[in-house]
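Residues per chain are reported as follows:
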Amino acid sequence: MNGFSDRDVVFLNEMGLGPLWTLRTSAGQAAAPAVAEDDGDVAVAEAEIEAAEVAEAEARVAAPEAAPEPDSAPAPAPPPGPRPLQRVAQSASALEPVPEAPADVDSAWDDAALPADASPEEIARMDWDQLAVAIASCRRCSACRDGRAPVPGTGAKRARWLVAAGASTAADDRERLPLAGDPGKLLDNMLAAVGMGRDRDVYITNLIKCRPASPNGGERAPTAAEAAACRPYLEREAQLTGAHTVLTLGQIAANTLLGRPLQEPLASARGSVHALAIGGGAGDGQGQVEGQGQVSLVATLHPGELLRRGGDKAQAWADLCRARAAQKGSGAGPAR
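As the structure is a prediction and not an experimental result, all values here were calculated from the model.

S.K.: Teacher, can you tell me more about the packing of aromatic side chains here?
M.R.: The way to describe two aromatic rings as a pair is by their centre distance and the angle between their planes. Considering all chains together, one arrives at one aromatic pair under this definition. Pairing Trp128 with Tyr203 gives two aromatic rings, centres 5.4 Å apart and planes at 50°, and the pair type is tilted. Note that Trp128 is positioned in helix α6 (residues 128–136) and Tyr203 in strand β5 (residues 202–208), a separation of 75 residues in sequence. We classify Tyr203 as buried; its relative accessible area is 3%.

Structural data, given as structure tokens:
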């Protein structure tokens, strides 16, 4: 334990640790650096150092007047302060600090660069990744500020139809999927009946991403402020998908997008094709579709309502046929 192999000496010198691991003999002479053999056991090396220091102290007490031999230099007194192991740690901390990342780091990689309360103008310039981050960290309304996690959209990122329900439900929350459970199964059947599918050419989302909840945790109707706060996200989803038709499910999504009071009956929106403006025209370099700006909106009943009132399915079928005709009339081909 009192000596080094050549390999150990080279290693310690390369690491700059040689002078910090010097044992002292009982006569006060410097000895070879001590390190733990084989694995460099630091605990054993420290015990050796402590034993050497104790022996040196005892030697000074036993012979206080002893002078050093003529041809040997007096050993310097051990400096006060931390033990060698602590000195090593201090040496490491004295290294040059790692420079900080530049302040203008690209926001596509720096999630913190996206504000939690992004403005509609900022949302309108986001790509898919930025939009996902903004929705996940959103604090634009009371529903998300209550701590409930938003439910992201799902389906084809390049789509012919965007299907928008009103607000996220408890089932959506559990499955982290819009239109979850039986309403979602019915919706899939409805889409298949007109030759559409969520994995192929339909993108499905909720207008209000966070489930509005009452103080006791139950579901409640969303407020107009909550719907307005989430509308820019849905519009950006429509722009990014390139969808030419928006199919709304229930009165909340339809009335919000058409600028009507949320309580207005759905019957006033059904039965016709509406023109919906969803943003600028030419592409802006951030993912917006060339020529996008106006789409067709068709309102229909929510699948949850159809499960409770099966007799209304004929009305929903008429709405689906209307949306399909609007798609053909727009001249839009299959999803790219």
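The discussion continues.
S.K.: What's the story with the packing of α6 against helix α10 (residues 224–241) in this structure? I'm lost.
M.R.: Packed helix pairs are specified by the crossing angle of their axes together with the interaxial distance, meaning the distance between the axes. Across the interface, α6 lies against α10 with an axial gap of 11 Å and an inter-helix angle of 160°. By the angle between their directions, the pair α6 and α10 is classed as roughly antiparallel. For α6 against α10, the interelement crossing comes out left-handed. Of the residues in α10, those in contact with Trp128, Leu131, Ala134 and Ile135 of α6 are Tyr233, Arg236, Glu237, Leu240 and Thr241.

S.K.: Looking at this model, I keep getting lost on α6. Mind explaining?
M.R.: In an α-helix, one turn spans 3.6 residues, which is why side chains three or four residues apart end up on the same side. Buried within α6 are the following residues: Gln130, Leu131, Ala134 and Ile135. Down the axis of α6, the sector holding all buried residues measures 130°, keeping them to one side. Looking at α6, the residues exposed on the side facing more than 90 degrees away from the buried face are Asp129 and Ala136. Where the residues of α6 are buried, they touch α5 (120–123) and α10. Here α6 starts with a cap whose side-chain oxygen sits 3.2 Å from the backbone nitrogen of Asp129, and that cap is Asp127.

S.K.: Help me understand the pattern of salt bridges, please; the structure alone is not making it clear to me.
M.R.: Opposite charge on two side chains lets them pair, provided their charged atoms get close. Summed over the entire model, instances satisfying the criterion amount to 14 salt bridges. Put simply, Arg160, Arg200 and Asp201 are held in one network by salt bridges that share partners.

S.K.: Even after reading the chapter, I still don't get the pairing of strand β7 (residues 274–277), so can you show me in this structure?
M.R.: In regular strands, side chains alternate between the two faces of the sheet. Burial along β7 is one-sided: the residues His274 and Leu276 are buried and none of Ala275 and Ala277 is. Pairing of β7 with strand β8 (residues 294–300), which is carried by four bridges, proceeds in the antiparallel orientation. By the bridge assignment, Leu276 is partnered in β8 with Val295.

Conventions adopted
Residues numbered from 1 in each chain as written. Predicted model: local features only at pLDDT ≥ 70, side-chain atom pairs only at ≥ 80, totals over all residues. Heavy atoms only, no water. Phe/Tyr/Trp six-rings, centres within 6.5 Å; stacked < 30°, edge-to-face > 60°. Helix = DSSP H or I, 4+ residues; strand = E, 2+ residues; numbered from the N terminus. Buried < 20%, exposed > 50% of the residue type's maximum accessible area, 1.4 Å probe, protein only. Axes fitted to C-alpha atoms, helices over the stretch in contact; angles between N-to-C directions. Parallel < 35°, antiparallel > 145°, perpendicular 65-115°, else oblique. Left-handed = near helix turned anticlockwise from the far one by under 90°. Contact = heavy atoms within 4.5 Å. Arc of directions from axis to C-beta. Polar contact = N/O pair within 3.5 Å; in protein donor to acceptor, adjacent residues only side chain to side chain. Salt bridge = Lys/Arg side-chain N within 4 Å of Asp/Glu carboxyl O. Pairing = 2+ DSSP bridges.

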